[in-house]
Amino acid sequence: QVQLVESGGGLVQAGGSLRLSCACAASGRTFDYYAMGWFRQAPGKEREFVAGIAYYGGSTDYADSVKGRFTISRDNAKNTVSLQMNSLKPEDTAVYYCAWGQRWRGPDPDPAKYAYWGQGTQVTVSS
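Residues numbered from 1 in each chain as written. Predicted model: local features only at pLDDT ≥ 70, side-chain atom pairs only at ≥ 80, totals over all residues. Heavy atoms only, no water.

A. The arrangement of the nonpolar core in detail. Core analysis: the biggest nonpolar cluster contains 34 residues, and Met36, Trp38, Leu83, Met85 and Tyr96 have the highest contact counts within it. Only strand 1 (2-7), strand 3 (18-26), strand 4 (34-41), strand 5 (48-53), strand 7 (70-75), strand 8 (80-85), strand 9 (94-103) and strand 11 (121-126) provide two or more residues apiece to this core. For this core, the leading source of residues is strand 9, giving 5 residues. Discounting residues that sit within four places of it in the chain, leucine 83 has contacts with Leu18, Arg19, Leu20, Trp38, Val50, Ala51, Phe70, Thr71, Ile72 and Tyr96. (Core = buried A, V, L, I, M, F, W, Y, C linked by side-chain atoms within 4.5 Å. Buried < 20%, exposed > 50% of the residue type's maximum accessible area, 1.4 Å probe, protein only. Helix = DSSP H or I, 4+ residues; strand = E, 2+ residues; numbered from the N terminus. Contact = heavy atoms within 4.5 Å.)

B. Spatial organisation of the packing of aromatic side chains. Scanning the model with the defined rule gives 9 aromatic pairs in all. Residues phenylalanine 39 and tyrosine 114 carry aromatic rings whose centres are separated by 5.0 Å and whose planes lie at 75° to one another, so their mutual orientation is edge-to-face. Here tyrosine 114 lies in the loop between strand 9 and strand 10 (116-117) and phenylalanine 39 lies in strand 4, a separation of 75 residues in the sequence. No difference in accessibility class separates phenylalanine 39 from tyrosine 114, as the two residues are buried. (Phe/Tyr/Trp six-rings, centres within 6.5 Å; stacked < 30°, edge-to-face > 60°.)

C. The arrangement of the state of the cysteines in detail. Within the structure shown, the criterion is met by 1 disulfide. Unpaired in this structure, cysteine 24 has its nearest cysteine sulfur neighbour in cysteine 22, at a distance of 4.0 Å. Residue classification places cysteine 24 among the buried residues on the basis of a relative accessible area of 8%. (Disulfide = S-S within 2.5 Å.)

D. Quick look at the environment of tyrosine 33. By the element assignment, tyrosine 33 lies in the loop between strand 3 and strand 4. Separated by 22 residues in sequence, tyrosine 33 and tyrosine 55 place their C-alpha atoms 5.3 Å apart. Sequence-distant contacts of tyrosine 33, defined by excluding residues within four places in its chain, comprise Tyr55, Gln102, Arg103 and Trp104.

E. Geometry of the pattern of salt bridges. In the structure shown here, the tally under the stated rule is 5 salt bridges. Across the pair lysine 67 and aspartate 64 runs a salt bridge, and its minimum N-O distance is 3.2 Å. In this structure, arginine 69 engages aspartate 92 in a salt bridge whose closest nitrogen and oxygen atoms are separated by 2.8 Å. Residue arginine 69 is located in the loop between strand 6 (60-62) and strand 7, and its partner aspartate 92 is located in the loop between strand 8 and strand 9; the two are separated by 23 residues in the primary sequence. For arginine 69, a relative accessible area of 10% puts it in the buried group. The buried category is assigned to aspartate 92, whose relative accessible area is 1%. Residues joined in a network through salt bridges with shared partners are Arg40, Glu48, Arg69 and Asp92. (Salt bridge = Lys/Arg side-chain N within 4 Å of Asp/Glu carboxyl O.)

Take a look at the structure:
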């Protein structure tokens, strides 16, 4: 059983920053063996990949729309994965989801490769 709990969402003005965190609890699994990812879903749109990180943390991947503005990181000692979001734009408004990926793998933009998801946290960027 894997439980993911996101936090850190909120309302921010364009150009501002937010830091999302995801606390992971997994029974029978070791957090640092698994890739992790962040996805988002805006109203009326499909869920899309935002960022991913390899199980060992040394490899990351980003959607083109967030490259240079967002940074994904993980703390394997604390079983957490974070998303630092800078220079936020109104088009970043969405519900952001943390996702548990595949064992011994690098970042992957395919949502089908993620077995467990958090409940999501709302990010709203005003213009």
